Amino acid sequence: MLKKYKPFLRAGAMDTLSYRFNILIWAVITVFQVACLVFLWLAVYRSSAGGMDAEIHGFSFREMIAYVVLTTVFNYVTFNNDTLWNINNDIRKGTIGNYLIKPISYRGKFAATSFGSLLTMTLLFGIPFYAAALLTLGGLGFLPDLSFPAFFVHLGLFLVAGLFASLLNDVIAYIFGVFCFYTTASWGLNSLKETLISFLSGTLLPLAFFPAGLREVVSWMPFAGMSQNPVLILMMKYDLAESLRCLALTGTWIVALELFAKLLFSHAIRKVTVQGG
Amino acid sequence: MIEVNELTKVFRKPVRGEGLSGMVKTLFSRKYEETRAVDGINFTVPDGEIVGYIGANGAGKSTTIKMMCGILTPTSGSVTIDGLEPYRKRRQVAQNIGVVFGQKTQLWWDIPLIESFKVLKEIYQISDTDYAERMDFLGEVLDVTRFLSQPVRTLSLGERMRADLAASMIHNPRILFLDEPTIGLDVLVKEKIRRAIHALNRTYGTTVVLTTHDMTDIEDLCSRIILLEKGKILYDGALKSLKNRFGNLKTLTLTVPAEIRAETAPPLSPELTLSEEEGRLVLRFDADRLALEEVIQYAFRELRAMDMKLAEISVGDVVKTILSQQEAAHAEKI
Amino acid sequence: MRYVHLYLTCIKRSMISRLEYKKDTLVALSSFFFSNLCSLAALYFILQSIPALAGYSLPEVGFFYGFSMLPIALDHLFSDELWLVAYRRVKDGDMDMHFLRPVPVLFQVFAETFQPEGFGELILGAALIAVCASNLTVTVTFGSVAVLFVGALFGAAIITSLKIAVAALAFIFKRSGPLLQVVYNFSNYAKYPLAIYPDFIRVLLIFVLPFGLFISLPVDTLLYGKHNPWLLCGAIIGCAAVFFALAVWVWTACERRYESTGS
């Protein structure tokens with residue numbers, strides 16, 4: 001049953017390999033971006049009432065830097081799919097018709113492709129990058145003391161959280177991709193999606209900094225599970241119970257969004273047949 | 001006047017490995033493969049001529065056209081258009097040439113066609129009177145007036161191609177380069193486009209260089225053809241003499257009883273080739289070398305023909321014959 | 001004169017294209033607005049948790065941020081097509097048509113798109129400046145206002161020049177988008193007062209990629225009278241002239257090496 005999706009999984013892996021080798025450029029962009037944030041946080045903590053030793057919204061300066069570095073690596077390894085662009089392409093070029101007559105699900109094709117690139121990225125870049133980040137941060141004393149048996153449990157939960165984050169990212173990208181049936185502003189849609197994710201997932205700023213009301217609302221949304229929660233699980237800022245609660249919430253959202261995506265797609269596809277391609 | 005002198009273009013392409021390991025290898029070492037897309041060709045096109053530039057896919061047609069209009073620079077040799085090298089004096093030459101690439105449109109996709117023309121009017125600095133006259137002429141010969149107010153993306157392929165042709169002619173270029181202007185079009189639209197090219201050539205004396213795979217285009221339009229194969233010129237001259245050069249070729253198509261097959265039929269002479277096409281037997285021969293009378297007698301006696309049709313070979317057949325001979329010769333070498 | 005007329009004709013063309021997709025322009029505009037709003041909110045949340053950032057109060061930091069949006073917005077209005085050139089159009093062999101026309105290619109690239117989204121950014125930046133300024137005591141002098149105008153206008157010219165030079169590299173390497181991204185992202189640094197950076201970053205932001213020169217220094221001049229406004233105006237204009245000349249030179253040199261794809 002799942003076997004027919006294997007070619008897409010493979011295609012995802014190959015794509016990732018061919019274009020993620022632009023890694024040098026990525027590294028340069030990232031180093032400058034992380035540096036900018038480090039300077040900003042340095043100024044923030046220096047200016048705070050408690051000075052460099054202050055804890056702001058539960059983050060010490062060192063933890064904040066660790067958080068910035070780890071979310072950056074996490075986002076790079078986990079979020080790499082062209083789902084939105086590919087759907088947009090299929091719609092504009094009319095190739096979507098080819099998939100509708102094949103005995104595979106359109107959604108399944110993208111899920112398989114994304115999973116393929118997640119696997120490749122994790123094996124190829126994830127392992128060395130996480131190792132390097134953790135060792136450097138740990139060596140500089142930027143990580144809390146990791147107590148070892150417990151860390152492996154968190155590492156395991158982190159891997160699950162990473163998989164969930166990738167699935168969530170893919171289904172959200174898919175939903176935005178299906179919106180391309182209704183508008184040609186794929187560029188605007190994509191930037192809307194990216195902004196939404198980077199703001200609400202805690203990439204831009206840990207959600208702890210949000211005002212209480214907003215924070216409460218956002219904590220029930222799916223986005224925190226895409227970046228902040230996995231990283232805080234890895235950093236052991238969440239205890240076991242909190243980690244499991246996060247995973248359960250994210251899992252529920254994945255199911256809910258998949259259902260929504262299904263409904264949306266069947267509505268959108270009716271529009272195509274009206275337009276005649 | 002176009003002068004092409006020892007024109008050569010060599011492309012270097014990195015050789016990519018296959019599969020995952022190949023991809024990794026490509027990262028570390030790059031091997032290049034050189035292809036001589038155009039290989040030392042020479043010809044001259046005088047003003048007012050319509051030249052058909054033909055050859056199989058990958059023979060170097062588009063590469064030559066691109067060098068002639070200045071968007072590719074020759075590896076060696078030169079092209080001059082009225083004395084200017086287009087890849088060096090791009091802007092000056094651009095004012096005097098019009099180009100259509102059949103596969104790509106140069107019109108703006110989302111706006112009504114007329115707006116594209118208005119922009120082109122400004123780009124080429126066409127005066128109001130000239131513009132009005134050109135629009136009349138193009139409206140008539142290409143029949144574009146009807147869909148001037150429609151956005152280009154809503155046009156059919158045939159309409160879009162006519163629009164593109166009109167756009168390339170709007171500044172009254174002295175030379176028109178058409179790269180497969182009839183590709184993918186139906187017979188009626190092709191006919192319309194050919195008439196327009198003829199009209200343009202007659203009315204304004206425009207020189208036209210066109211590539212095509214459609215032999216009817218060639219027979220209808222071109223007084224001269226240049227036949228290209230693997231970057232080299234195979235034939236350059238009038239259509240008629242192309243036919244003559246390959247002799248007085250004729251085909252005799254026979255309806256024969258089912259048991260008569262091309263392979264088993266008793267041969268008449270090595271000068272005669274037999275083949276089966278659409279259930280009929282087709283005999284091809286050079287009437288200067290093999291008497292027609294003899295072939296017909298053979299057809300009746302040995303092949304028990306019930307019906308027959310005699311035809312002179314078409315240019316298309318000639319070109320096909322030449323190209324397949326070339327391919328066969330090439331295959332033998334390998 | 002001819003080119004002004006031609007530019008206007010082309011821009012009219014671009015606007016007609018946009019009007020074909022009103023709904024889409026709205027989506028693009030709102031996504032753009034939203035993304036700026038999010039960055040601002042993040043900055044606001046951070047500043048809420050501390051008394052001041054390196055001695056700068058919330059409205060002061062807001063003023064820097066708002067002012068940084070002006071040159072970026074102006075550049076955005078006119079030169080968005082350069083992103084496409086750098087990322088896609090050269091690689092896809094999509095530049096041929098520009099090379100077949102009797103008008104400079106760089107001109108055609110600028111005439112290809114006009115992005116009204118830039119107005120949104122311009123308005124947002126101006127509004128932010130107004131709100132922040134009303135919470136500050138600013139001594140307005142002729143010179144300090146002049147330096148803001150010069151900073152915004154010629155700053156935009158400097159950003160555009162940087163974009164031209166980097167996008168032009170695509171003519172040689174087929175794709176220069178990621179590099180353009182690297183250079184352009186430095187504008188993020190200029191959204192905050194230079195005081196938060198170590199010295200070498202400050203030097204970089206004033207003398208090499210001069211986002212600080214035309215964003216931070218003019219604001220410092222207006223708010224605190226730190227620099228001589230006329231000298232600063234001169235420096236910014238001079239810098240813009242040098243950058244623009246270099247950019248056009250790089251573009252011309254790279255354009256000459258453009259080759260269409262084979263076959």
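No experiment lies behind these values; they were computed from the predicted model shown.

> Is there a simple way to explain the environment of Ile114(B) in this structure?
Residue and element names in this part refer to chain B. Tracing the backbone through its elements, the reader meets isoleucine 114 in helix 4 (residues 113–123). Here isoleucine 114 falls in the partly exposed class, since 14 other C-beta atoms lie within 10 Å of it. For the pair isoleucine 114 and glutamate 140, spaced 26 residues apart in the sequence, the C-alpha separation amounts to 15 Å. Those residues in contact with isoleucine 114 that sit more than four places away from it in its chain are Leu148 and Ser149.

> Is there a simple way to think about the confidence of the model for chain C in this case?
Low-confidence regions, as indicated by low pLDDT, have predicted coordinates that should not be scrutinised in detail. Residue and element names in this part refer to chain C. Here chain C averages 90 in pLDDT, and 99% of its residues register 70 or above. The least confident element of chain C is helix 10 (residues 177–185), whose mean pLDDT is 85; the most confident is helix 14 (residues 229–255), at 95. Two numbers describe this predicted complex: its pTM, 0.82, and its ipTM, 0.84.

> Help me understand the nonpolar core, please; the structure alone is not making it clear to me.
Considering soluble globular proteins, one finds that nonpolar side chains tend to be buried as a cluster. Met235(A), Ala166(B), Phe177(B), Ile158(C), Ala167(C) and Ile236(C) are the most contacted members of the largest nonpolar core, which has 217 residues in total. Contact partners of Ile158(C), with chain neighbours within four places excluded, come to Pro210(C), Phe214(C), Cys239(C), Ala240(C) and Phe243(C). Judged by nonpolar contacts, the second largest core, of 10 residues, contains Leu252(B), Val256(B), Leu281(B) and Val295(B).

> Is there a simple way to explain the environment of Val69(A) in this structure?
All names here are of chain A. Here valine 69 lies in helix 3 (residues 61–78). The class for valine 69 is buried, based on 22 C-beta atoms found within 10 Å. The spacing of valine 69 and leucine 137 is 68 residues in sequence and 8.8 Å in space, taken between C-alpha atoms. In this view, valine 69 contacts Val34, Ala133 and Leu137; residues no more than four positions away in its chain are not counted.

> Would you explain the pairing of strand 10 (residues 249–255) of chain B in this entry?
Within a regular strand, the side chains alternate between the two sheet faces. Residue and element names in this part refer to chain B. In this structure, strand 10 lies alongside strand 12 (residues 280–286), joined through six bridges in antiparallel fashion. If you follow leucine 252 over to strand 12, its bridge partner there is leucine 283. Pairing analysis gives six bridges linking strand 10 to strand 13 (residues 307–312), with the strands arranged antiparallel. Within the sheet, the bridge partner assigned to threonine 253 lies in strand 13 and is lysine 309.

> Hey, could you run me through the interface of chain B and chain C in this one?
Reports of interface size often rely on the accessible area that becomes lost once the parts have come together. Listed as interface residues are 27 residues of chain B and, on the opposing side, 19 residues of chain C. Secondary-structure elements contributing two or more residues to the side of chain B that touches chain C are helix 2 (61–68), helix 3 (90–94) and helix 4 of chain B. In terms of residues, the side of chain B that touches chain C owes the most to one element, helix 4 of chain B, which gives five residues.

Reading the values: the criteria
- Residues numbered from 1 in each chain as written.
- Chains lettered and ligands numbered in written order.
- Predicted model: local features only at pLDDT ≥ 70, side-chain atom pairs only at ≥ 80, totals over all residues.
- Helix = DSSP H or I, 4+ residues; strand = E, 2+ residues; numbered from the N terminus.
- Buried ≥ 20, exposed ≤ 12 C-beta atoms within 10 Å, placed from the backbone.
- Contact = placed C-beta atoms within 7 Å.
- pLDDT = per-residue confidence, 0-100.
- Core = buried A, V, L, I, M, F, W, Y, C linked by C-beta atoms within 7 Å.
- Pairing = 2+ DSSP bridges.

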